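As a plain string of letters, each chain reads:
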Amino acid sequence: MGVSILVTGGARSGKSTLAEGLALRLSPCPIYIATAEALDGEMAARIAAHRESRGAAWQTREVPLDLSDALADTDGGPARLVDCLTLWLSNLLHAGRDPAREGPRLAEAVAAQSAPVVLVTNEVGAGIVPENKLARRFRDEAGRLNQTVAARCDRVYLSVAGHPLQVKPGADIDL
Amino acid sequence: MGVSILVTGGARSGKSTLAEGLALRLSPCPIYIATAEALDGEMAARIAAHRESRGAAWQTREVPLDLSDALADTDGGPARLVDCLTLWLSNLLHAGRDPAREGPRLAEAVAAQSAPVVLVTNEVGAGIVPENKLARRFRDEAGRLNQTVAARCDRVYLSVAGHPLQVKPGADIDL
Amino acid sequence: MGVSILVTGGARSGKSTLAEGLALRLSPCPIYIATAEALDGEMAARIAAHRESRGAAWQTREVPLDLSDALADTDGGPARLVDCLTLWLSNLLHAGRDPAREGPRLAEAVAAQSAPVVLVTNEVGAGIVPENKLARRFRDEAGRLNQTVAARCDRVYLSVAGHPLQVKPGADIDL
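The notes below deal with the structure included here. (Residues numbered from 1 in each chain as written. Chains lettered and ligands numbered in written order. Predicted model: local features only at pLDDT ≥ 70, side-chain atom pairs only at ≥ 80, totals over all residues. Heavy atoms only, no water.)

1. What about the overall build of chain A?
And then number 1: Each helix and strand in chain A was counted, giving 6 helices and 7 strands.
And then number 2: Its helices and strands taken in sequence order, chain A reads β-α-β-α-β-α-β-α-α-β-α-β-β from the N to the C terminus.
And then number 3: Computed over the C-alpha atoms, the radius of gyration of chain A is 16 Å, within 12% of the 16 Å expected from 2.2 N^0.38 for a compact globule of 175 residues.
And then number 4: Expressed as lengths along the three principal axes of its C-alpha atoms, the size of chain A is roughly 50 × 45 × 30 Å.
And then number 5: For chain A, the residues scored as buried account for 54% of the 175 residues in total.
And then number 6: Here the contacts in chain A between residues at least 6 apart in sequence split such that 75% fall between residues at least 24 apart. (Helix = DSSP H or I, 4+ residues; strand = E, 2+ residues; numbered from the N terminus. Rg over C-alpha atoms; globule rule 2.2 N^0.38 Å. Buried < 20%, exposed > 50% of the residue type's maximum accessible area, 1.4 Å probe, protein only. Contact = heavy atoms within 4.5 Å.)

And the structure:
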């Protein structure tokens, strides 16, 4: 089986750069699977800046919704970098799909890959409880999705100021 | 003295599940001390879902305010799981009690237990400074409470995507 | 070269206390470089409480903007504690200065010091995406600044409930 790695962290914590470095160590020409869609100018600028910073080694696919299919389609080749699951979740909710079904399906797909896969996600639950009910739901769904995918990945890292803390596999807890 | 463990983490980071697992390893039939009160439908649904996921091994007590007394009353028996300190803080503030007095009192009670106790709390201070002054106060009080209780616990874990990072005891810092 | 240490963490996570302890272990009478300005009553109260909790061993300088100069001016003497970079960023933005220029300049200055320097910063990107566009920009700039400074520091710690997690140097990542 190919190694599967989840990289989580706050906004601008260096998680994409860390994940890109991991993917490039796994394959010289990895496949970048972008979940972002350029729906407004702010997002378009972010996507363009990300794409430029990655450089020419990468093949890019834009996959806003069907991540499990994209992993199956690209399996057997180079490492895949999926960036990011939080935007994917947002896309699922906008498209009326159920994260409670799609999250476990993705986790199964990740566990079944024979080529490596690195996934980026966000920590969104460590602030004050949002006043907005939709934001509270999103925060809950994002946390659940992170747990669901992390459970099927070989490794999980938390990025802090550009540096990785290894979360899984962790030390045994002795009581 | 019974072991005391604090589990902190963001929303839906898997901290309750982790804490429940720790409590069940300490005692086959632990006591669940819930600080939540079902004041609205959203909260009632969360409480019911939590209760169902725990299963039948657990005795449950609802203790919105008097945690120190509840620990004293249940000491000498099985492990206690207190879930969670952030809601307790909210209850204290609604009831007009002073967290600067109640926090240290709880920390002393935890340190004095002869049976094990596992406590769950939340990270609420890693987002943007809230515009709302009450939210800023709550965030400060929650951070202080976490520090106060952590100082008297034997172990502290940070839950990230369902996996524990051991925070205390930590490695020595050599300069 | 003097050791350089970055301490990050959420609000009230104990990062200032941790950083003060590190500075006092490096020098008996360290220099406190405060980036805070008492612009309103809430901030004045925070500054006064911080100053009182530090005690008499410290020399204090208030440096809202020119941190690189302040480090150069105080180099060759005792350890410096800079608290904190997030307020400094806010000061830069209010003064119309460009964080993309000032951040790397500070990082270079930190790397060039011959006396020790400890810097405190905040995790602000682990909550829900703010609705406010200025808050989103601040969150991005703060994350970038943390990465930029961390890259040139010898050590980075994440403070959680008063206890440090060592982020840098970290374990090697083997794939």
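2. With respect to helix α6 (residues 133-152) of chain A
All names here are of chain A.
And then number 1: With 20 residues, α6 should cover 28 Å at 1.5 Å per step; its first-to-last C-alpha distance of 29 Å lies within 8% of that length.
And then number 2: Along α6, the positions that sit buried rather than exposed are A135, R136, F138, R139, D140, E141, A142, G143, L145, N146, V149 and A150.
And then number 3: With a side-chain oxygen positioned 2.8 Å from the backbone nitrogen of L134, the residue opening α6 is N132. (Expected span 1.5 Å × (residues − 1). Polar contact = N/O pair within 3.5 Å; in protein donor to acceptor, adjacent residues only side chain to side chain.)

3. Some details on the sheet that holds strand β3 (residues 59-62) of chain A
All names here are of chain A.
And then number 1: If you trace the 7 strands from one edge of the open sheet to the other, you get β3-β2-β4-β5-β1-β6-β7, paired in mixed fashion. Across the chains shown, the open sheet's two edge strands, defined by having one partner strand only, are β3 and β7 (163-168). The average angle at which neighbouring strand axes cross in this sheet is 20 degrees, direction not considered.
And then number 2: In the sheet, strand β4 (residues 80-83) pairs with strand β5 (residues 117-120) via 4 bridges, with the strands oriented parallel. What sits directly across from V82, in β5, is L119. (Pairing = 2+ DSSP bridges. Axes fitted to C-alpha atoms, helices over the stretch in contact; angles between N-to-C directions.)

4. Let's talk about the pattern of salt bridges
Residues and elements named next belong to chain A.
And then number 1: By the definition in use, this model includes 31 salt bridges over all chains.
And then number 2: Residue D75 is joined to R80 by a salt bridge in which the shortest nitrogen-to-oxygen separation is 3.5 Å.
And then number 3: By relative accessible area, D75 is classed as partly exposed at 27%.
And then number 4: Under the relative-accessibility criterion, R80 is labelled buried at 0%. (Salt bridge = Lys/Arg side-chain N within 4 Å of Asp/Glu carboxyl O.)

5. Thoughts on the packing of helix α3 (residues 67-74) of chain A against helix α5 (residues 99-112) of chain A
Residue and element names in this part refer to chain A.
And then number 1: Two elements in contact, α3 and α5, have axes separated by 9 Å at closest approach and are oriented at 15 degrees. Between α3 and α5, the angle falls in the class roughly parallel. Remark: the crossing between α3 and α5 carries left-handed chirality. Judged by residue contacts, L67, S68, D69 and L71 of α3 engage R105, L106, A109 and V110 from α5.
And then number 2: Taken together, the residues of the contact of α3 with α5 break down into 5 nonpolar, 1 polar and 2 charged. (Parallel < 35°, antiparallel > 145°, perpendicular 65-115°, else oblique. Left-handed = near helix turned anticlockwise from the far one by under 90°. Nonpolar A, V, L, I, M, F, W, Y, C, P; charged D, E, K, R; others polar.)

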